[in-house]
Amino acid sequence: HGDRNIAPTDWAALAAALTIIPVWAVTNNPLLAVVMASAIEWLGYYPTMRKSWLRPHEETSITYSLDLTKWLMSLWALTAYSAVTLIYPLALLAANAVLVTIILGRRAKLA
């Protein structure tokens, strides 16, 4: 049904991501592009992390655990390893690991 509790920090994360997107779109530097894309993803995860901290029982840890597994498997599937090919999957792997840790840790603490 959606959550109408949008915090100022959620708006700040959105504004930061929207600010980065045009720069990312026109960059000719692949490393800079992947760093910016990873930053945009982390900014997008922030509201979910905040909500998971406040109400961990409203998020499903299995979804983010599967996503974490997906990004781990994507690292094994790479045929060439470089900063450009590793940064994005590592950033998403880390984001999902943090999210799962928040959800499960907060559930345990609040139980």
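Quick notes on the rules
- Residues numbered from 1 in each chain as written.
- Predicted model: local features only at pLDDT ≥ 70, side-chain atom pairs only at ≥ 80, totals over all residues.
- Heavy atoms only, no water.
- Helix = DSSP H or I, 4+ residues; strand = E, 2+ residues; numbered from the N terminus.
- Buried < 20%, exposed > 50% of the residue type's maximum accessible area, 1.4 Å probe, protein only.
- Contact = heavy atoms within 4.5 Å.
- Areas by Shrake-Rupley, 256 points an atom, 1.4 Å probe, with all protein chains shown as cover.
- Lys, Arg positive; Asp, Glu negative; His and termini not counted.
- Charge placed at Lys NZ, Arg CZ, Asp CG, Glu CD.
- Salt bridge = Lys/Arg side-chain N within 4 Å of Asp/Glu carboxyl O.
- Phe/Tyr/Trp six-rings, centres within 6.5 Å; stacked < 30°, edge-to-face > 60°.
- Lys NZ or Arg CZ within 6 Å of the ring centre and 35° of its normal.
- Polar contact = N/O pair within 3.5 Å; in protein donor to acceptor, adjacent residues only side chain to side chain.

*Asks:* Can you walk me through the overall build of the protein chain in this structure?
*Replies:* Tallying secondary structure elements over the protein chain gives 4 helices and 0 strands in all. Put simply, the protein chain runs from its N terminus to its C terminus through helices and strands in the order α-α-α-α. In terms of overall dimensions, the protein chain has C-alpha extents of about 45 × 35 × 20 Å along its principal axes. Looking at the 111 residues of the protein chain, the share that counts as buried comes to 31%. In the protein chain, of all internal contacts separated by at least 6 residues, the share reaching a separation of at least 24 is 70%. Of the roughly 7,000 Å² of accessible surface on the protein chain, 71% is carried by carbon and sulfur atoms. Distance between charge centres in the protein chain, computed from 8 positive and 6 negative side chains, equals 6 Å.

*Asks:* What's the story with the pattern of salt bridges in this structure? I'm lost.
*Replies:* If charged atoms from side chains of opposite charge come close, those side chains can pair. Going through the model one piece at a time under the given rule, you end up with 5 salt bridges. A salt bridge links R50 to D10, with the shortest nitrogen-to-oxygen separation between them at 2.6 Å. Here the residue R50 occupies a position in helix α2 (residues 30-54), and D10 occupies one in helix α1 (residues 8-26), the gap between them amounting to 40 residues. Summarising the burial analysis for this pair, R50 and D10 share the class buried. Its salt-bridge partner being K70, residue D67 comes within 2.8 Å of it at the nearest N-O pair. Highlighted residues: D67 and K70, both in helix α3 (residues 61-77), separated by 3 residues, approximately one helical turn. Exposure remark for D67: the relative accessible area of 18% places this residue in the buried category.

*Asks:* Would you mind going over the packing of aromatic side chains with me for this structure?
*Replies:* Given two aromatic rings, their pairing is described by the distance between the two centres and the angle made by the two planes. Under the defined criterion, the tally for this structure stands at 1 aromatic pair. Geometrically, the ring pair formed by W71 and Y88 is edge-to-face, given 5.5 Å between the ring centres and 80° between the ring planes. Taken together, the residues span a long stretch of sequence, with W71 in helix α3 and Y88 in helix α4 (residues 83-110) at a distance of 17 residues. Accessibility expressed as a relative area gives 16% for W71, which makes it buried. Just above the ring of W53 sits the side chain of R106; from NZ or CZ to the centre is 4.2 Å.

*Asks:* When you look at the side chain of D67 in this model, what are you seeing that I'm missing?
*Replies:* A polar side-chain atom of D67 sits 3.4 Å from a polar atom in the side chain of Y45. Residues within four places of D67 in sequence aside, it is in contact with Y45 and N96.

Bear in mind that shape data such as this cannot, by itself, settle questions of function.
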